[in-house]
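Residues per chain are reported as follows:
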Amino acid sequence: MLLDLAVRCRLGDFALDAELACERGPLVIIGPSGAGKSATLRAIAGVLTPESGRIAVNERVLFDSQSGVDVASQLRRVGYVPQEYALFPHLSAEANVGFGLRGLARDEARARVRELLALTGLDEQRILKPRQLSGGQRQRVALARALAIRPEVLLLDEPFAALDAPTRAALLEDVRSLISKTGVASIFVTHDRNEALRLADTVAVMMDGRIRQVGTPGDVFGSPADEEVATFVGVETIAAGRVRSLNEGVALVDVGGQTVEGGGDVSAGDEVLVCVRPEDVVLSKVGEIDQTSARNRLRGRVLRVAPAGPFVRVEVDVGFALVALVTRQSVEDLGISAGLDCVATFKASAVHLIRRG
Amino acid sequence: MAVRVERGRSLQVAAETVAIVIISAVVLLFLALPVFAIIERALEKTDVFDVASSARVTEALRLSFETTAISLALVIAFGTPLAYWLARTKFPGHEVLDALIDLPIVLPPAVGGLGLLMAFGRNGIVGSSLHDIGIDLAFTTAAVVMAQTFVASPFYIRAAKAGFEAIDRDLEDVAQTLGSSRAGVFLRVAVPAAMPALMAGAVMAWARALGEFGATIMFAGSFPGRTQTVPLAVYRSLETGVDVPLALSAILVVISFAVLLAFRLLMKRAAFTL
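Remember, it's a predicted structure, so these values are computed and weren't measured experimentally.

Conventions and cut-offs
- Residues numbered from 1 in each chain as written.
- Chains lettered and ligands numbered in written order.
- Predicted model: local features only at pLDDT ≥ 70, side-chain atom pairs only at ≥ 80, totals over all residues.
- Heavy atoms only, no water.
- Helix = DSSP H or I, 4+ residues; strand = E, 2+ residues; numbered from the N terminus.
- Rg over C-alpha atoms; globule rule 2.2 N^0.38 Å.
- Buried < 20%, exposed > 50% of the residue type's maximum accessible area, 1.4 Å probe, protein only.
- Contact = heavy atoms within 4.5 Å.
- Areas by Shrake-Rupley, 256 points an atom, 1.4 Å probe, with all protein chains shown as cover.
- Core = buried A, V, L, I, M, F, W, Y, C linked by side-chain atoms within 4.5 Å.
- Axes fitted to C-alpha atoms, helices over the stretch in contact; angles between N-to-C directions.
- Parallel < 35°, antiparallel > 145°, perpendicular 65-115°, else oblique.
- Nonpolar A, V, L, I, M, F, W, Y, C, P; charged D, E, K, R; others polar.

Draft legend 1. Fine view of the overall build of chain B. When you go through chain B residue by residue, the secondary structure sums to 13 helices and 0 strands. Its helices and strands in sequence order give chain B the pattern α-α-α-α-α-α-α-α-α-α-α-α-α, from N to C terminus. Its C-alpha atoms give chain B a radius of gyration of 24 Å, clearly above 19 Å, the size a compact globule of 274 residues would have. Each of the 274 residues in chain B was classed as buried or not, and the buried ones make up 39%. For chain B, contacts bridging at least 24 residues in sequence account for 74% of all contacts bridging at least 6. Approximately 15,200 Å² of chain B is accessible, and the part contributed by carbon and sulfur atoms is 72%.

And the structure:
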């Protein structure tokens, strides 16, 4: 068990009340800003003391208000990388990395520092001060500094937020391979869905100080537990409907005058929310022969077309508002514009049903 | 039309520039003229260098530098942990403590000196007991140091506190997770990270101690070689003419200016390398 946590704590107006059990790392705690993600990480690091609760990392109890256990931060063996990295401004990259190695013999410490600088590719920057380093180099120094003490767990708070987009993409891969190379257990905090998808074996969604859902990335992104989680993980179509019948595990749902097939833990007569991720929706011309096995084919009229990064977001009124994410090429090929009639297609497996109430 | 508006603008800009230059010149002149006057008159007078090397002057200078060095060491040694504690701990009534620490800045130095006398003088609250065991502080070199420490410490503590408050708390948290004790965090992270502020505070405190007059003359008196620092010597020697005070003042002006300038250049370099 990587993490077994239950912490309660008041921070001004904010109440943290998080419960989270995670078997397999890397764990990514994801949620909007102000959800209490950083506070949770700080509680694990031991620099924030919860009012009550229990924290165990790799089966080792670090905090337990009932039995009065509160392992001091300096004895927890956590590799903490806070937001913006908090490098010691007066120390060189080398000295930053070696900061936690006071207990080691001098030769041993020096060897360890060299090893980590090599591992993170910082040999040439070793005598530079933090302000002489680029954002990516700073992140690597912080990572090397945290890894130097051979931590039981690495705690990274928004490690990529301070970087520009191209650097971020490259470093994300570096960090991933570094973590698998060192085999260190790690817990990330981020508000970025893509980071969660690429880094996590387990995703925990946090909102308003509480953990709302824990699962594999597939679970959380494909089957969000409630409407807010669905919105946060990027489900754009959320429509209210009612389950008409169940047929071999597939539910037929009445929604906005249409029938949609989908999966989920529901029974006939349930009021449900129909969730569809925009990238799962395919648009085609009216009258075109369907070549897919998709169970849901809904005819509708384009309401809005708006660019969304490299893609185009198309909102179609099919009796309810259905959002599709399509390529620029298909927008051109299909001649999509507001007012056009088209057909939206998506698989039953792309439909996630959330029971209401 | 457009040209006219533009010309109007540029005229306004010119007028503003002239106004700023005139105001700045007046202020700078007011500040610089007395300083210049001291140097100019000192050099014009009879052998300034002879006077400067007279026993009376060198003795005052030596005393001033020795006492201010000790005062500064005391202020730093005790003020740094205090400032750190004040910056990190918020407790009810800390405003009262802050105000108390700042008090010597506002009080006339003579009042401070009187206070020291009432506390540590022969009949003072603590002084009477000290007198009983054979320790008399008033009118000794130790009293000079105490007077300087009293008036100068707020300058250092204020700057140090602000410096500690400005440190990113994540630095200290990380240091903790890397195995540092609280003392380790203070010595290895907080003090180095706040160093520019500590240095600035130390320079201001030293400058204040060097110029200290009122509290010293009340609590330590003005005995040549024992308690007569440069400011006191300037005042006392006025009775016998203007040569000695001018020479002393000129030396003080030059040294003070050199220290402040050196400090600024040093900080500029520190900011660059930090």
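Draft legend 2. Spotlight on the nonpolar core. Formed by 85 residues in total, the largest nonpolar core has its most connected members in A:Leu3, A:Ile187 and B:Phe164. In terms of residue count, the dominant contributor to this core is helix α3 (residues 55-88) of chain B (9 residues). Apart from residues no more than four positions distant in its own chain, A:Leu3 is found in contact with A:Leu20, A:Ala21, A:Cys22, A:Leu27, A:Ile44, A:Ile55, A:Ala56, A:Val57 and A:Ile187. Counting residues in each nonpolar core, the second largest holds 48 residues, with A:Phe160, A:Leu171, A:Phe221 and A:Cys275 among its members.

Draft legend 3. Here's a closer look at the packing of α3(B) against helix α12 (residues 230-237) of chain B. All names here are of chain B. It is the contact of α3 with α12, at a shortest axis distance of 8 Å, that shows an interaxial angle of 150°. Classed by the angle they form, the pair α3 and α12 counts as roughly antiparallel. Across the interface between the two elements, Arg 56, Ala 60, Leu 61 and Ser 64 of α3 pack against Val 230, Pro 231, Ala 233, Arg 236 and Ser 237 of α12. Its residues assigned to classes, the contact of α3 with α12 shows 5 nonpolar, 2 polar and 2 charged.

Draft legend 4. Up close: the environment of B:Trp85. Residue and element names in this part refer to chain B. With respect to the element layout, Trp 85 can be found in helix α3. Trp 85 sits 63 residues away from Ile 22 along the chain, and the two C-alpha atoms are 46 Å apart. Residues within four places of Trp 85 in sequence aside, it is in contact with Phe 91 and Leu 97.

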